[in-house]
Amino acid sequence: MSPAVGGPPTLIASAQRALRLLEAVARYPRGATAKQLARDTGLALGTAYHLLRTLVHDCYLERREGRYLTGPAVAGLSREESPAAGQRRLDRLLRRLSDDLAAAVYLSRYHRGEMVLVAAQSAPGAPTVDPRDFPAGAHATSAGKTLLALMSAEERRSYLTRYPMVAFTPYTLRDPAQLPLLPRQGPQRAAPITQYQEFVLGTAAAAVPIVAGSGLAAVSVSLPMTQAHRLPQIAAQLRTRLSDDFASIAFGL
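Residues numbered from 1 in each chain as written. Predicted model: local features only at pLDDT ≥ 70, side-chain atom pairs only at ≥ 80, totals over all residues. Heavy atoms only, no water.

## Describing the nonpolar core
And step 1. By size, the foremost hydrophobic cluster in this structure holds 22 residues, and its most contacted members are Leu101, Val219, Val221 and Leu238.
And step 2. Secondary-structure elements contributing two or more residues to this core are α5 (83–101), β3 (104–111), β6 (203–212), β7 (215–224) and α8 (231–241).
And step 3. With residues up to four places along the chain from it excluded, the contact list for leucine 238 reads Leu97, Leu101, Val208, Val219, Ser220 and Val221.
And step 4. Ala138, Met151, Leu173 and Ala207 belong to the second-largest nonpolar core, a separate cluster that totals 21 residues. (Core = buried A, V, L, I, M, F, W, Y, C linked by side-chain atoms within 4.5 Å. Buried < 20%, exposed > 50% of the residue type's maximum accessible area, 1.4 Å probe, protein only. Helix = DSSP H or I, 4+ residues; strand = E, 2+ residues; numbered from the N terminus. Contact = heavy atoms within 4.5 Å.)

## Thoughts on the pattern of salt bridges
Pairing between side chains of opposite charge can happen when their charged atoms approach one another.
And step 1. Evaluation of the coordinates by the stated rule reveals 3 salt bridges.
And step 2. Note that lysine 145 is salt-bridged to glutamate 198, the shortest N-O span being 3.1 Å. Highlighted residues: lysine 145 in helix α6 (residues 142–150) and glutamate 198 in the loop between β5 (193–196) and β6, separated in sequence by 53 residues. Side by side, lysine 145 and glutamate 198 carry an identical accessibility label, which is buried. (Salt bridge = Lys/Arg side-chain N within 4 Å of Asp/Glu carboxyl O.)

## Details of the sheet that holds β7
And step 1. Taken together, the 5 strands give an open sheet; going across it, the order is β4-β3-β7-β6-β5, and neighbouring strands pair in antiparallel fashion. Every other strand in the sheet has two partners, leaving β4 (114–121) and β5 as the edge strands with one partner each. Put simply, the sheet's adjacent strands are angled 25 degrees from each other on average, direction ignored.
And step 2. Of the strand pairs in this sheet, β3 and β7 are connected by 7 bridges, and their pairing is antiparallel. Residue pairing for β7: tyrosine 110 is matched across the bridge by leucine 216. (Pairing = 2+ DSSP bridges. Axes fitted to C-alpha atoms, helices over the stretch in contact; angles between N-to-C directions.)

## A closer look at the packing of aromatic side chains
The description of an aromatic ring pair rests on the distance of the ring centres and on the angle between the ring planes.
And step 1. Tallying each qualifying case throughout the model produces 2 aromatic pairs.
And step 2. Look at tyrosine 159 and tyrosine 163: their rings are 4.8 Å apart centre to centre, the planes differ by 35 degrees, and that puts the pair in the tilted class.
And step 3. By relative accessible area, tyrosine 159 is classed as buried at 0%.
And step 4. Consider the rings of phenylalanine 168 and phenylalanine 199, whose centres lie 5.3 Å apart with planes at 55 degrees: the pair is tilted. Of this pair, phenylalanine 168 sits in the loop between α7 (153–162) and β5 while phenylalanine 199 sits in the loop between β5 and β6, placing them 31 residues apart in sequence.
And step 5. A relative accessible area of 27% places phenylalanine 168 in the partly exposed class.
And step 6. Residue phenylalanine 199 is classed as buried on the basis of its relative accessible area of 10%. (Phe/Tyr/Trp six-rings, centres within 6.5 Å; stacked < 30°, edge-to-face > 60°.)

## Section: α6
And step 1. Counted residue by residue, α6 has 9 buried out of 9 residues, so it is predominantly covered.
And step 2. Taken together, the buried residues of α6 touch β3, β4, α7, β5, β6 and β7.

## Focus on empty space enclosed by the protein
And step 1. On inspection of all chains with the given rule, the structure shows 2 cavities of 30 Å³ or more.
And step 2. As for the largest cavity, its lining consists of 17 residues, of which Tyr106, Val129, Thr141, Phe199 and Ala205 are closest to the centre.
And step 3. Those elements that place two or more of their residues in the lining of the largest cavity are α6, β6 and β7.
And step 4. Ranked by the residues each element gives to the lining of the largest cavity, the list is headed by β7, at 3 residues.
And step 5. Partitioning the lining of the largest cavity into residue classes produces 10 nonpolar, 6 polar and 1 charged. (1 Å grid on protein atoms, 1.4 Å probe; cavity = no way out; pocket = protein on both sides within 12 Å on 5 of 7 lines; lining within 4 Å. Points joined across faces, edges and corners; volume = space filled by probe spheres on them. Nonpolar A, V, L, I, M, F, W, Y, C, P; charged D, E, K, R; others polar.)

## Concerning the environment of glutamine 237
And step 1. With respect to the helices and strands, the residue glutamine 237 is situated in helix α8.
And step 2. Along the backbone, glutamine 237 and leucine 101 are 136 residues apart, and their C-alpha atoms lie at a distance of 8.1 Å.

Written out as structure tokens, the structure is:
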């Protein structure tokens, strides 16, 4: 029977509980545990866990080291986060990172079975590499290696079947068994993935992952080999500099 005109609205209790969790998470800029959130919202812990897993899967939340934070899909709800606005904010973030690290900086993403170089920013003495070979050269770049490392075995086999591991330089890795692997849960704990002269002679690079639900992205830096001694320190700085803004933009454009 249809509700009477002018009668009380039909409310979906699970939707209300999920929204209360989102509101609670937003009050913790550094994240909150499931127990904290259950206590704040008055939900049973089991119910909170079930809803949190759903919200993480759909990118409304992120889970990092046992704590929940707002995810990229939340930023996408804001009217100001149009693709153009997101691109401008990304350009500002990359420019600031590039200036601070004195290195070329890139944001890459795995989307619908393909690797996409979303944006890049050069630095004095560190020009960006030609992006045209990026999909086919994934096995030779630090960002591509990182995205391949986060894929399932089936996704990785499919990708490398379409884009075989050809040699770009004499140093290019050619054996799929030697590609690094990363767990999708907690990849931020892993060491940055590096490459030295595998994609372009005279260039070294390092990348760190960004994971939000099923979304996979990587932020990478590249330097001339004459500055390769700086790479470990810069990669370590990069890990600490990645903010929620990068995840918001990476999966919102």
